[in-house]
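Coordinates in review
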Amino acid sequence: MFSAAPRIEKKHVLLSEILAVTSTMRKNSRWAAAAHTLIARDSALAKDLGLRRGSLAQEADLMGGFQELKRAIRDVADVQSLHLPALLGPFLSLIRSPLSTGPITSAALSSVHNFFVCDLISSDSLGLDSALSELSSAVSHCKFEAIVLLKIMTVIHDCICGSSVGPMLGDVEICEMLETVLTTCCQMRLSEILRRSAEATMISIVRTIFCRLYDVDPAAEEAKLRLSEEASHHGDISMTVLADIPDVTLRTIFWITSTSQDEVSSVTIETPATRSAIVTEDTVAIAPKPYGLPALLELFRVLVHILDPNDQIHTDSIRLTALGILNATIETCGTSLIVDHGCKHLFQLARSDNPSMLQAALRTIATLFETMRPLPQTPARIVPNFYHRPSNMAKKIQPGSSRPATPSTPVLAPVNADSDIEKGSLTPPRPLVQPARGETRDLMLETLSQISRHPWFMVDLYTNYDCDINCDNLFERLIDFLTKGVYAMQTSSCLDMLLGFVGDMAARAEGEFVSPEDLMQSKSRKKLVLTGAAKFNSKPKHGIAFLEENGLIELNPSESRTRSLAKFLKSCTRLDKRLLGDYISKPENVDLLKEFIGLFDFKNSEDAVYVLAYSVIMLNTDLHNPQIRKRMTIEDYQRNLRGVNGGENFSPEFLQSIYDSIRKREIIMPEEHTGQLGFEYAWKELLARARQSGSFVMCNTSLFDCDMFKAMWKPVISAIAHAFISFNDEYIIQRAISGFRQCATLAGRFNLPDVFDFIVVALSQATGLLTDNLPAHVPNYPVVDAEGQSITVSSLAVRFGTNFKGQLAAVVLFNIVNGNGNALREGWTQIFEMFQNLFMHSLLPTRMLQMEDFLGGVTMIPLRGSQPSRHAQRNDGGLLSTLSSYLMTPYGSSSENLIPEATDSEVESTLCTIDCIKSCRLDELYGQIMQLDAEALVAAVKALEALAHERTVTKLKEETDDVSSPYNPSPTNEGPYVLTYDPAAVFLLETMVSIACQTPQHLEDLWPIIFEHLSALLSTAVHYSVLLIERAVVALLRLCVILVQKGALRDQVYLSLDIIANLPPSVANSVAEHVTAGVSLILQREGIVSTQTEWNVIGAALRTTISHSEAARYTFSLVASITSEARGQKVTQNNFPCLVAILDDFATAAGASIRTQPQRSRRALHQPATESPVVERGRKAVDLLSDLKRFIAPLSAASNLPPADAWRQYCLPLLSSLGRQSTNPSRLVRNIAIVQLQRLLLGSQLVYDETDHGYVEEIFDSVIFPLIDDLLKPQVYHLDPSGISETRLRASTLLCKAFMHFEVRDGRGKADVRAIWIEILDLLDRLVGVEQSEQLYEAVSESLKNAVLVMNAADILVPPSERCNEQQRTFWSATHARLERFLPGLLAEVIPPPETAEPAVTTATTTKT
């Protein structure tokens, strides 16, 4: 079939000639290398990216000139817009070069001749004068002999091409002339010069005569062809090609194709004036003048016949000539030869081992493909599908290096034969071929690059193949091949094709196109069918279940499910037929088998079909089994089938066709197809699928780019990264950078975060800024002044400054990330990993090195710890070793802290690094992080947390496991193991918290991540450096200040404060000031702390700060402000217990300060002056405790608490605290406490239920009795012997007064007086016995006298008499017995016997008054 189409592009001609010349050059040993790359030259690449780049060596060669020319015209639509000297330069350099050989110079001259022929060199060319001058010079310096053309060739050429008589020639005359010239071309006995001259003449003639297709009348040409159908012979329109063998006349019956495998020809003519017409031709009659389609068809017939690789008559040299003529024909008129055998021969020649044949065949195929796209017919499907031979080259691709795989540059393994099945891409078997190597591989890659240069190429593959259920996923296979080719072949061809595709896709991303819905549905259905077929081929039941679930088996209400299933199984070409047969033949699937067989038309011939099918199998075995000597003849075959067709015989013609077909082509299983049989089978399957697929869809649209990009982004980016890392050609590096940027653009357009992550991973590996094991210790690097700035000359700065490719990768990486942060997810890990590495080497912007707190504002994160580790190393050196480890601070004079001198080259490298970091705009990226969407922000914080966790929690576990191992026993007296200070851990923590604090709107999402890390640190705080824990506490408090404003997270505030409150004392003391400041900020918001539980947590946190002098001062001031009424009452029923506890701790701290001071004697502690801040706060705390009694009544009334509840909630805690402080080691605090206790007990501000005697028992059992017991303890006495005596005296008085106040007044509770009174007497007995002080003795005596008199007056304690009951007698006896032990005669003195009872009563009455 022919069609007229627009002439070939001049750009294609130029590319083809470049390929032809370079292919000839590679045959010479000078250019025999598989690939030639240009030496990287100094260019604007470094300047554009803000990098420094020193000058590099310059070198150019002849091959490099062609490479540069290809790159120069890559993105140029019209090559005639370029200067002609630039286009001809490489060719002319080759012609004049002394390094060139005869064949190479001849090829270059032929290319220049083609430029004249194709009007690439014309009067309109730019720089024509200069180009002609250079051409003249080159030709004049050419040392090879000129070729003298034959006169007859000249006459024929002038007759057809050079005069006005050419169009008047008829088809017969044209064929005769063509036969003469073509025969000369094919006569191998003639000289090379003559044959080449004849070939040039033939090509010129062919270009002229095929231009007729633009002027012919389709109706007239069809009439000629109809006339030829009436003749049984060809008449005079035929051509005979005379080679070095007997003459062979070629007839036009070549193109017949039918179901019986005869040969047919279908021809389509398409002119600029009309559409195509399809005709069928069996013969061509004698055609009238002027010449037209019959002569052209005859020429095609001869050329196709010559191209048959299985025809031994013609040699490869003749086929080369035919290929050149055929290529010129297609270039001239844009005609597509749509003939099965013609295409088949071309593809067979494309498998040739002859480099010249291979190059010529590939060039013709490329030209055919170039002109074929406008044709919506079968060949447009055949050409790319069968051309995809290079995919076989990937079968044995091995990894390019032995280094471990990384996320960005995975190591490629050989392609698994079952990979297509695993992916669900079940394709018919392809012929097995050896992988192409060397020049063959390069030619195929160059040709593939040429035909794939159009932006619509990949889209056409995807829409016509990957979206067609009957076709291979050719797009995916091609991408897979190209990406693997980048690794294995180390050439730029594969990379250029990949990057070209990505660039085309990025360009299409800017446009808008209409959505072809049907094609998208077809692609979606294909994916499901492939998956279902793969499942069926693995387990048929599972496959059918999957197909039904996804609606792929269309159920028709008018027919049964079994029949619908049978239709699908019959029509699906992706199912394994053997498995299908096994499945439907199972007993449980009999109904399905019947329906399946019922889909075939066996009407009235069931037995005949069965016997005939069996006979075909037997015939195939008989004719092709080598062990059978006597073969079955046609007569035998007919005899065996006699009478089986319903009692009649099959027609002899029918059986003859079966017999001939099997005799010529053995029936073999697909997996047995190899060699020529395999090719024939694959070709037949290809044609069948091409016919089923319908019209070729042309669709240069961005609609499918998203699906295409999803299918190929990972291997493509891996290949680009590999090329960027491995190749040294500057052009390739620049192309790779563009590829990264374009992939990022597409990822943003299609919302594919995984792509961004993969790009970041790939580029980060190339930067050299990632370190597998970043140490915690930062060496002392030299700091110098250079170019008006102070710089740190670190190892990383020097190394990175000399890594130009790493700098390129860094700039590209951060330029891509800047503005695209919302698209990143996992890639943040690499970003922050590079940040921490730069931080450790002082290369980050100042903004990223700061940390904030509540006290000193903003400070810089220290790179070295200022405090020694709490953990001493193993006791290898004993005491001296331990001591030296504490004395060796980071600023000591040890050798490891000596600062080396920086050389000039190191300073220069560091400056290069600083320039690169500035170009990366890290501060802008850091600012953009605060503007991220929630999902991206969470991913960023997760990455920070993971890195911080690895440097803290994970590292602690690893090191503690090592320390505690049986091979490294830890001394028992060392204390907890402490990790060395790690500035990177602090940096990651500060960055994480800073991000969270500046994005409060997303804190609900970020809090769980950060809190997990902080709680892990603080739960094992003793194992980390002081600074890290301090920053963790500050971070927690900074976040709590924000959390209190969010109702949903308020409970997290108290959970955090609880963690702080439970810190070990040594840790809590180091962070006390921060805790006080943080809690103070939290309490500034009114109504934030409401419940008693919340106040208890607040109080617990504040109580941890009391041991710190500065923090205690602020904490006490905070508590005092709460208890004051200056700005309204802040004391509530919920914070009352909390305030009591805090004030009690302050008073206790005053006593603790006495214990910690050096003793002046062994028996007593020194009592400090009242000016001591700690003691003064203790004194004030006791006063505030006592002052809280004024809130008891109002709080009780406000909350409507019953007296019993008010007693336990307010009164008893206050009394208990004053009671405990009455034994405080500080004399001042102790005296004030006991005075306040007595005032409170004997005052009227206590609230209690007077009907319940239990509160009295609690006063004595919980307050007074424990007070006396503590005062009796020797250790308490020795704290302040002189002061404790006074306290004992006051306590004894308080004891008796409280007894009289609560037990004896108004005669209340007489039934319960006895037990308490007896306990009082026992305590006083012990007190007098221990103290042995006259002053105490007298005080106790007076107190007891008053108590006895009051009890006697109340008839509680009366002497025995007839009026007394047994209880009174027993109580008197017990009192008498105890008083007699330490105050003998006191009872008789106070209460005389009954006969003198009257004066005693009077005295008692007076005393009471």
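Residues numbered from 1 in each chain as written. Predicted model: local features only at pLDDT ≥ 70, side-chain atom pairs only at ≥ 80, totals over all residues. Heavy atoms only, no water.

**Re the overall build of the protein**
When helices and strands are counted, the protein shows 60 helices and eight strands. Buried residues in the protein amount to 53% of all 1409 residues. The long-range share in the protein, meaning contacts at least 24 apart out of those at least 6 apart in sequence, stands at 76%. As displayed, the protein has an accessible area near 62600 Å², and 52% of this comes from carbon and sulfur atoms. (Helix = DSSP H or I, 4+ residues; strand = E, 2+ residues; numbered from the N terminus. Buried < 20%, exposed > 50% of the residue type's maximum accessible area, 1.4 Å probe, protein only. Contact = heavy atoms within 4.5 Å. Areas by Shrake-Rupley, 256 points an atom, 1.4 Å probe, with all protein chains shown as cover.)

**Description of unusual backbone geometry**
The backbone of Glu787 shows a phi angle near 55 degrees, a positive value even though the residue is not glycine. Along the chain, Glu787 turns up in the loop between strand E5 (783-786) and strand E6 (789-792). One non-glycine residue, Ser842, lies in the positive phi region at around 60 degrees. Here Ser842 lies in the loop between helix H35 (828-840) and strand E7 (850-852).

**Some thoughts on the side chain of Thr913**
Within the fold, Thr913 resides in helix H37 (residues 904-920). Setting aside residues up to four positions removed in sequence, Thr913 forms contacts with Ala797, Phe800, Gly801 and Leu843.

**Concerning the pattern of salt bridges**
Side-chain pairs of opposite charge can arise whenever the charged atoms involved come near each other. Across all of its chains, the model carries 39 salt bridges by this definition. The salt bridge partner of Arg74 is Asp496, with a shortest N-O separation of 3.3 Å. With Arg74 in the loop between helix H3 (62-72) and helix H4 (84-96) and Asp496 in helix H20 (residues 492-508), this residue pair connects regions lying 422 residues apart in the sequence. On the basis of relative accessible area, Asp496 is assigned to the buried category, the value being 9%. Among the charged side chains, a salt-bridge network with shared partners connects Glu17, Arg207, Glu331 and Arg363. (Salt bridge = Lys/Arg side-chain N within 4 Å of Asp/Glu carboxyl O.)

**Here's the deal with the packing of aromatic side chains**
Given two aromatic rings, one states the distance between the centres and the angle between the planes to describe the pair. Within this structure, the stated rule accounts for 22 aromatic pairs. Where Phe536 meets Tyr583, the ring centres are 5.8 Å apart and the plane angle is 80 degrees; that geometry is what we call edge-to-face. Linking Phe536 in helix H21 (residues 517-538) with Tyr583 in helix H24 (residues 577-584), this pair joins segments that are 47 residues apart in sequence. Looking at Tyr583, the relative accessible area reads 10%, which means it is buried. Joined through ring pairs, the aromatic side chains of Phe814, Trp828, Phe832 and Phe835 make up one cluster. The aromatic ring of Phe546 is capped on one face by Lys535, whose charged end is 5.6 Å from the ring centroid. Residue placement shows Arg1113 over the ring face of Tyr1114; its charged tip is 4.6 Å from the ring centre. (Phe/Tyr/Trp six-rings, centres within 6.5 Å; stacked < 30°, edge-to-face > 60°. Lys NZ or Arg CZ within 6 Å of the ring centre and 35° of its normal.)

**Comments concerning the nonpolar core**
Ranked by size, the top nonpolar core spans 282 residues in total, and within it Phe709, Phe740, Trp828, Ile831, Trp1317 and Leu1344 carry the most contacts. When sequence neighbours within four positions are dropped, the list of residues in contact with Leu1344 reads Cys1296, Trp1317, Leu1321, Leu1324, Leu1379, Phe1382, Leu1383 and Leu1386. With 55 residues, the next largest nonpolar core counts Cys186, Leu213, Ala328 and Leu346 among its residues. (Core = buried A, V, L, I, M, F, W, Y, C linked by side-chain atoms within 4.5 Å.)

**Observations concerning a nonpolar patch on the surface**
A surface patch of nonpolar side chains, about 230 Å² in accessible area, is lined by Phe116, Val117 and Leu132. As for its placement among the helices and strands, Phe116 is situated in helix H5 (residues 102-117). What makes Phe116 partly exposed here is its relative accessible area of 38%. (Patch = residues over 30% accessible without salt bridge, like charges linked within 9 Å, V, L, I, M, F, W, Y side chains within 5 Å.)

**A word on helix H14 (residues 355-372)**
The first and last C-alpha atoms of H14 sit 25 Å apart over 18 residues, in line with the 26 Å expected at 1.5 Å per residue. H14 sits mainly inside the fold: 16 of its 18 residues count as buried. At the N-terminal boundary of H14, the capping side chain belongs to Asn354, with an oxygen 3.0 Å from the backbone nitrogen of Ser356. (Expected span 1.5 Å × (residues − 1). Polar contact = N/O pair within 3.5 Å; in protein donor to acceptor, adjacent residues only side chain to side chain.)

**Some words on the packing of H20 against helix H31 (residues 730-750)**
Where H20 meets H31, the axes come as close as 9 Å, and the angle between the chain directions of the two elements is 35 degrees. In this structure, H20 crosses over H31, and the sense of that crossing is left-handed. On the side of H20, the interface is formed by Ser492, Leu495, Asp496, Leu499, Gly500, Val502, Gly503, Met505 and Ala506, while H31 contributes Tyr731, Ile732, Arg735, Ala736, Gly739, Gln742, Cys743, Leu746 and Phe750. The class makeup of the residues in the contact of H20 with H31 is 11 nonpolar, five polar and two charged. (Axes fitted to C-alpha atoms, helices over the stretch in contact; angles between N-to-C directions. Left-handed = near helix turned anticlockwise from the far one by under 90°. Nonpolar A, V, L, I, M, F, W, Y, C, P; charged D, E, K, R; others polar.)

**Comments concerning the environment of Ile1320**
Along the chain, the position of Ile1320 falls in helix H56 (residues 1313-1331). Overall, the relative accessible area of 0% leaves Ile1320 in the buried class. For the pair Ile1320 and Phe1265, spaced 55 residues apart in sequence, the C-alpha separation works out to 8.2 Å. Once residues within four sequence positions are removed from consideration, Ile1320 is found in contact with Phe1260, Phe1265, Leu1295 and Phe1299.

**A few points about the pairing of E5**
Direction of pairing for E5 relative to E6: antiparallel, over a ladder of four bridges. Each bridged residue has a counterpart across the sheet, and for Val784 the counterpart in E6 is Ile791. The antiparallel pairing of E5 with E6 creates a hairpin that spans two residues between the two strands, and Glu787 there sits at a positive phi of about 55 degrees. (Pairing = 2+ DSSP bridges.)

**Remarks on the confidence of the model for the protein**
When pLDDT is averaged along the protein, the result is 76; 76% of the residues meet or exceed 70. Long-range and interchain partners of residues 375-431, a stretch whose pLDDT sits below 50, account for 162 contacts in this model, where long-range means more than four residues apart. Of the regions scoring below 50 in pLDDT, residues 1396-1409 engages in five contacts with residues more than four places distant in sequence or in other chains. (pLDDT = per-residue confidence, 0-100.)

**A look at the packing of helix H40 (residues 983-998) against helix H42 (residues 1026-1043)**
Following both chains from N to C, one finds H40 and H42 inclined at 5 degrees, their axes separated by 10 Å at the closest point. When the axes of H40 and H42 are compared, the pair comes out roughly parallel. Contacts between H40 and H42 pair Ala985, Val986, Leu989, Glu990, Val993, Ser994, Ala996 and Cys997 from the former with Leu1028, Arg1031, Ala1032, Ala1035, Arg1038, Leu1039 and Ile1042 from the latter. Taken together, the residues that form the contact of H40 with H42 break down as 11 nonpolar, one polar and three charged. (Parallel < 35°, antiparallel > 145°, perpendicular 65-115°, else oblique.)

**Quick look at a negative patch on the surface**
Together, Asp1252, Glu1257, Asp1261 and Glu1319 give the surface a local cluster of negative charge. Along the chain, Asp1252 falls in the loop between helix H52 (1227-1242) and helix H53 (1254-1272). (Lys, Arg positive; Asp, Glu negative; His and termini not counted. Charge placed at Lys NZ, Arg CZ, Asp CG, Glu CD.)

**A look at the environment of Ile725**
In this fold, Ile725 is placed in helix H30 (residues 705-726). Taking the C-alpha atoms as reference points, Ile725 and Ala809, 84 residues apart in sequence, are found 9.2 Å from one another.

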